[in-house]
Each structure stands twice: as structure tokens, then as C-alpha cells.
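Notes for the structure review
Below, each chain spelled out in residue letters.
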Amino acid sequence: MKLAMWTYEGPPHVGAMRIAASMKDVHLVLHAPQGDTYADLLFTMIARDKARPPVTYTTFQARDLSGSTADIFRQACRDAIDRFRPGLLLVSASCTAELLQDDPGGLASALGGDVPIIPLELPSYQKKEFWGAAETFYRLVRACAGGQQRPEDVPANSCNILGPTALGFRNRDDVTEIAGLLEANGIAVRCVAPLGATPADLAALPQAAFNVVLYPEIAESAARWLQKTFAMPYTTTIPIGAKATHAFLAEVRALAGLPRLEPASLPGAQADRSAWYARSVDSNYLTNKRVFVFGDAAHAIASARVAANEFGFRICGLGGYNREFARELRAAAAEFGVEPLVTDDHLEVEDAITASQPELVLGTQMERHIAKRLRIPCAVISAPAHVQDFPARYSPQMGFEGANVLFDSWVHPLMMGLEEHLLAMFRDDFEFHDNAAASHLAAHSPAPAAPQAAAAGTTTATASAGAWTPDAEKELCKIPFFVRGKARRNTERFAAERGIHPITVDTMYDAKAHFSR
Amino acid sequence: MTVLRPHDCDAGTAQRQRGQREVFCGLTSIIWLHRKVQDAFFLVVGSRTCAHLLQSAAGVMVFSEPRFATAIMEERDLAGMADMNDELDAVVERLVTRRPDIRMLVLVGSCPSEVIKFDLARAAARLDRRLAPDCRVTSYSGSGIETTFTQGEDNFLASLVEQSAGHDGQQPARLVVAGCMADVVEDQFSRLFEQLGIEDFAFLPPRRSNAVPVIGPQTRFILAQPYLGATAAALQARGPRRIDSIFPLGEVGTTAWLSAVADAFGVSRARFEQVVAAPRQRAREAIAHYRPRLEGRRVFLFPDSQLEPSLARFLVTETGARIVEVGSPYLHRELVAGELAILPPGVPVSEVADVERQVDRCRASDPDLIVCGLGLANPFEAEGYATKWSIEFAFAPIHGYEQAGDLAELFARPLIRRAVLDDAPATREALS
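Right, let's walk through the structure included here. Predicted model only: the values in this text are computed from it and were never measured. (Residues numbered from 1 in each chain as written. Chains lettered and ligands numbered in written order. Predicted model: local features only at pLDDT ≥ 70, side-chain atom pairs only at ≥ 80, totals over all residues. Heavy atoms only, no water.)

Details of the interface of chain B and chain A
- At the junction of the two partners, chain B supplies 62 residues and chain A supplies 57 residues.
- Both sides of the chain B and chain A interface together cover about 5500 Å² of buried area, and 59% of this is carbon and sulfur.
- The interface formed by chain B and chain A includes six salt bridges.
- In this structure, A:Arg83 engages B:Asp360 in a salt bridge whose closest nitrogen and oxygen atoms are separated by 2.7 Å. (Contact = heavy atoms within 4.5 Å. Buried area = accessible area lost by both parts, 1.4 Å probe. Salt bridge = Lys/Arg side-chain N within 4 Å of Asp/Glu carboxyl O.)

Digging into the sheet that holds strand E9 (residues 241-242) of chain B
Residues and elements named next belong to chain B.
- If you trace the four strands from one edge of the open sheet to the other, you get E7-E6-E8-E9, paired in parallel fashion. Among the strands making up the open sheet, the edge pair consists of strand E7 (201-204) and E9.
- Where strand E8 (residues 220-223) and E9 come together, two bridges link them in parallel fashion. The residue of E9 that forms the bridge with phenylalanine 221 is arginine 242.
- Sitting on the sheet, helix H11 (residues 250-264) touches strand E6 (175-178) and E8, and the angle it makes with E8 is about 175°. (Pairing = 2+ DSSP bridges. Helix = DSSP H or I, 4+ residues; strand = E, 2+ residues; numbered from the N terminus. Axes fitted to C-alpha atoms, helices over the stretch in contact; angles between N-to-C directions.)

Quick look at the packing of helix H11 (residues 242-255) of chain A against helix H17 (residues 399-411) of chain A
Residue and element names in this part refer to chain A.
- Where H11 contacts H17, the two axes come as close as 8 Å, and the packing angle between them is 170°. It follows from the interaxial angle that H11 and H17 lie roughly antiparallel. Considering the relative orientation of H11 and H17, their crossing is right-handed. Packed against H11, whose contacting residues are Ala242, Thr245, His246 and Leu249, the element H17 presents Gly399, Phe400 and Ala403 at the interface.
- The residue inventory of the contact of H11 with H17, partitioned by class, reads four nonpolar, three polar and no charged. (Parallel < 35°, antiparallel > 145°, perpendicular 65-115°, else oblique. Left-handed = near helix turned anticlockwise from the far one by under 90°. Nonpolar A, V, L, I, M, F, W, Y, C, P; charged D, E, K, R; others polar.)

Description of the sheet that holds strand E3 (residues 55-57) of chain A
All names here are of chain A.
- Taken in spatial order, the four strands of this open sheet run E3-E2-E4-E5, and their pairing is parallel. The sheet terminates laterally at E3 and strand E5 (117-119), the two strands that pair on one side only. The mean inter-strand angle of the sheet, taken between neighbouring strand axes irrespective of direction, is 20°.
- Pairing geometry for strand E2 (residues 26-31) and E3, over three bridges, is parallel. Opposite leucine 28, over in E3, you have valine 55 as the bridge partner.
- Across the sheet, helix H1 (residues 12-22) touches E2, E3 and strand E4 (88-93), and the angle it forms with E2 is around 160°.
- Strand contacts of helix H7 (residues 129-145): E4 and E5, with the helix running at about 145° to E4, the strand carrying the most contacts.

What follows is the structure in C-alpha cells.
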């Protein structure tokens, strides 16, 4: 049993719903109790979909348990086929129905009829949403492309894009961006799946030369099967950030048999402004700012690389919630010399963020709330998706335009360089008090942040270390609040290591000199 | 589906066929219950799906640490590799260490915990012995196989009533008002009760867990919400008699409801009229403001909170709207008999609807406004229909005189918004 206030991933049947809702001509019958229909609102409210997801639920109740829930399931399948006439029917069970052991797959297969049926085994008490989505996509690809022949003369410059789904973090715009870049490089995109694909499109997947895997947590298992079965290679570079996009285009050009080009002359690279913005003098103040990164492993790893290698931040923490990619995450954490955090317990993540005292958090909606409590700027880089992650404007994370979006959305929450100085210089200015947010953010964060969070940090620090003279306390308060915690911690560590007691104004400046970067 | 008045319905609605029900489960009511009882913590014993539901339904409230969580059952619990009770104790231990401010821990049963017949009542009793008196532990079921949406609150209140048995020494309350309402609404009713000369009244649930009203045979109670069948039964089992009334929605409903209380406590007509005259007038004026928007409009209500019969009655009697169909996930026939009696003849009332067929009926009837859940609203909007999220009736203060105008406004807003957006170009021309 596991205590969860918030969860990063839903149950695996929600993953199956995401695949069904991504595709055309596919319907999912879910053996599930009344109430599980809540999942519809993820699609209609969060993503503002204009239609309900193609899912029929059996919605059984307690009184049905004494009769035959299997009959209810069979009827739901028949009704769904009659009403929606899908090209393909997926059947599965949610967590409660799994306990009934009605065997939806067996029941559905015995129905007869000419609609192909794919049963899904989604162990709800072991697995989670990404796993459920990946398993569903893999089963669909196997079922549709399984008996297909790979043509003799597949054009080398043809590919499929695999992984984008309904409710995926900015997937809609990523696909537009990456498909555009591929076309600009002379590579034809045959099929995008599962988003927008039909079962027939999946059957035609082997007709392309290679697969572009944008979201490995969804598509890697399917891509691996396509590689094994049809010798179709697949890409491993996630094109998040300008440098990764260069590497990605080099990878696809090699797979497509196209000549190697210098990064600057790659078709599409001219759209990148992020590299120049990161070099412009205004970005000097970003140097070595401490950044904590948490999300699904693929986004977290890619974001950490952009933060460190393209924007000049320093990674002070890196973690991911999907254990399936723990190995990759650990390897990436080693690149930055930080302890990897692989957990789906958001309380642990909160502790890690508090302990590492970052100046910027890149995370999910959960980390956004943690950062808000701790008064640390934050940008969202990963699912679970929220209504704000489906902006009306074009806002990809991938490709060159994606890199521009990252620069804007990660840098804007920060205090501007000159403002940071002014805040430090004129402590008594009535507009620059502790509770004033960055002036350009007033519209976004009008309310003063929760004082107890800041106070809590202060009291624990005081309790854990030597006393400060009143003068030193006062001097400490002249340091802007967003770096004050770090100054306090460093000073106390400095004093403790040298047995200094109490901490004076001089101790504080000695520590500052010692730790200055 | 069950149709209460089959003679009023056409052949389409009279069909009795099982199908998909598009309703929340009872766990969803935790979203307002945990805000209402401010020292209580709701721990769902369930699956990842339960946690995901609460998170999705409460997505807007994550700004503070919530006072609800899920103890997620895992493979090792179900396979018998771990003792469920030991596991639950460990989770509770972690929780009370983290939140020492909690005075009442509520274990909430879910579909999976019900199906495996995990005895939460016993677990609660065991934990109560360990944690009392600092923290009391109780339990109820909010599972989807047994409850929908507001029935979770019903079961919680019923468990509070059953648990309050120990207070024999204290003087019982004379009047208990059962049903979660906004604090501001309770305060308004408190003032009105005092002006009527009624003292010793109490609200259920209380704002603090140690203030559960004492109930005795002389206590009278009235329901503020129509979905409280189990709560009414639990109260009646302790002796009190129920004051029957329609529910305090709108000016008419509020007046009838207060009047029933006044009659039960022997308040004179003259005094009653004098006390309610001013707020009644205010309520009428506030509703009148929106009446032109709603009069003659045809409204279709999908099942959601069980408030639907009361809402339909309000729409008909106070805004002049017409009702195409009233759906409700469940009808406590005795409790809503008064509401249904006021509805005009010919209004189909449905319980247990197949959502697909109901959507078909709704489209065929081409209503001016559809009151429905979050899963259906945007798809209907995309088809060109105006919709009102029914979940707002469970969250927003709508009871009583001072909220009667707000209630009308909730129905009128989607129509006003459409007019604003549709008429915008014309407005600009007029200005230039």
C-alpha cells in the first residue's frame, strides 16, 4: 500500500484510453465500475477535445456483482459495435473489473462478428499510465502490421513519426514542428501514429524506411518490434533544444542516406533564436543559476541538457517518475554530477527540491505547486498535462521553434538581470520589498506568496545551526529573498566547519567570499 | 431506465435498457467535504484510479496541500504477500506524523476495497483505539459500485450520525440541518433561525470534527440537500423526526423550507412573514434580473448530483424556463416527492439513463441549454449547444435567499456569454 496525495501517472487503462482517443476508427470497451467515466473529462476538459473519447464503459454496480457482470460486458461490446461501427475494437478492464476476473478478452473473442478485437492485459496494481499506453500501442502495431510484407523498394528518405498521443505534453505542436523539419530536409513523413492514425495506417508502417521515436515512453516498445520484425531502424535522439535538434537532424539524415551538413546549414536551423539569445549579454545573469529538473524521464533528461549546455544553468537536481526509464535517468544524472531521483512520490520530490535550494525549477504541474509554496520560479516541461499545457498558440517543445519556446518559458519566470541588482542595492525601496514579485510578473502572481513556506525554511535553518548576532540577522535580510536561503545555509555551513559562534556580519561576508562562484 | 411518470413520456424515453452511466463516483464529494470539515482528513483506500479521479476532479485546488489522499493498493496487498491492515496502519502512521493537526481521519471505501471486502469499519475501529483522543477515526463507502457523486456525502454524514452516539450526557440539539452548504449560507440561515426565535440549532457536517451535533429523540431535523437518504435514515434511527419540505433553492424553495421549520417550532405566521419579507424581496429582485434570459428557454438536465429535480423546479417556477427532461442518478422518492409534484405535467423524469440514448434524445429535442457533467459539456458546445456544468451546483453557494439570484445567474451565464460573443461585431458597429 502506498500513500499518494497526488500522482504523476494515472492507471494503465487511462494509457489505453489515450491511444484509443489518439486514433481514428478505433473503439475501446472498458470493463469498469460506475464512476470510472470521470476519465472522459481529461480529454474534453483538459485538452478541450470536441468529442468524447471513443470509450464505452460497462459501469457495473454492486447489485450487478451477484448476477453476471460478464453478460453486461458482452452487451456493452455489442452495443459499442452497433453504435460506433469501429474498424477495430480494443477491450480491457480497469482496476476493479480486474478483480472480477471476467476475462474481457475471452468474452469479446467469443462474440463473433467481423470487427477485429484486440484484448489488452493491463495489470492495474502493478503498472501505470505510460506502460498502459505503450502496451496498447505495441499491441495495436503488432496486430495491424503483423502479417504485412515490407516492400522491396522502400525509399530511404521516408519515415514514420511514432509516439505522439492525446493528452501528451505539447505533442500536437511537436508533431507539426518535427514533421516540418523532416520535410524541409527532404524526408517524407508517411505516417504519424498513434495521433491521427487509423488501423490501416498502422498496417502501412513497414512501408517507410525508418521510424522517428519522439516519445520513447509511448513508442519504444513498438519501434523495437518494428526493428526486429522488419529491420526498420529508429531514432534515439529527442529533439528538445537547438543542439539536440542538430543531433536529431544529423541522425535522421544519416538514416535517410542524405549528406551530412554543418549545424548552421541544416534546413530549418535558421529559425533558431535561442542560441543567440543565450549568448546575448542580457543572458549573463543566467550563468550557473541552480536548476532542479523533474518530469517524465525523456523530457527531464533533455531539459537538463538544454538547461546546462545551451542556457548555461547549473543542474542541482535531476529526477524522473517513470521507473521504466530509470537507467537512462541515472546515466544522465551522472553527466551533471547529481544524485538521480527516481520516484513517483511527490513528497520525496518536494523534500529534494527544498534541500537543493534551486533558483529555478523545471518540472510538472506538481513541481509548479511545490515551487510556488517555496517561492521559487518554475516552468513546466513535462506531463502530467494540465489545461494550461494546451495553449491556444503554437508552442512546441521540440525542434528549433521549440528551443525558442524553451528559452522564453524558462527565462521569463526569473528575475531580470538588472532588476536583481536593483533589488539588492535598494533594500528599503517600497517597490522592492520581499513580497514583490518580479515586476514583469505582477499579472501572473499578484498575491504575496505563502509566508509560512518561507518562514518554515528560515526556522528549520535556525534550529539546525549556530545562532546569529542581531546585526548579522539584519544584514542577512538585506540579501534578496530568493538567494537568502542559500546565503544562510552557506554561512551556517562555513561557521560550523570552522567552529565559529555566534555568526557575525564578518562571518557572513567571509562565507560569501569563500563560496563566491 | 426508470421513468417515474411513464404516461407522460414518449416511446423513446420509456425504454428500459441498461447502458453506460456517465456519473462521478461518491469519492468525488471529498473535494468539498475536506474543505468543509476543516480538521478532517479523508484517506481513500483504493487504487491508482481513485487517486487519479480525485486529482482530475480537484485539479483546480492543488494550491495547498489537500486534506485528502489515497492509500493505493498494490499487487503485494492483493496477493496476500502483505497484510492489508498492517499496510494501512503504516500509511496512517506516516500521515498523522506529517499532519499532526488532523483531528478526524476518515477512511473512505472504494470499488476495489469493496470488491475484495476489506473491512474498513473494523480497521477504523482499530485505528481509533490507537489514535484517540487526539484523532478520531471513522469510515464510510464512496465506491462507484454503491454511490454516485453526492451519495458520498450522504454516507459520510450517516457515519457521523452513527458515531455521535457517545454524547449521552450533553443536551441534544433541537434542530439539525443536514447537508453541506457554504459557510456563508449557514451563517445566513443561522441569522434567520435566530430571528425566528429558534435556538439550539446545529449544522451537519460541522466545521470542526468535534462539533458533531448531539442527537436525541426530541431533535427535529431538516435536509438542506435532496441526496441524503442514508443520513435521514440514520437520524431517524436515533429518534428524531424529519421536517419535510422542498429544498431551499430559489426564493420559493427557501421560503417553503424555512416555513416548514417555523411551523415545526410553532413560530407564528406573522413573525415568519416579518422575518423573511426583506430577504424574500431581495431574492425575487435578483432572480428577476435574469428572468428575461431564461423565460421560455428549453432546458435538458443530465443526471449528476441528484439536485436536478430541485433545479428543474426552480427553473420552472422562478425563471419561466421549460424543462425537456430531468435526469437524476438516483431518486430518493420520498425526499423529492414535493419537488416532482410542482413540476408541470408532461416533464419526463429519468433515473438510471443510458448516456448514449440520453445524448440522442437531447440532440433530438434541440434544447436551448443543456445542464451536464464535464465529460459531455465541451462536445455539446462543439455541436453548437449552450451548456452549464452541473458540477458547479455542488461547489458554488446556491442555497438560500441571498444566493437565489446567483443560482439564476449560473443558468443564465452560458446564454449571456453566447449573446456577448455572437453580438460582439454589432456592438462594435454601434460604438463607432
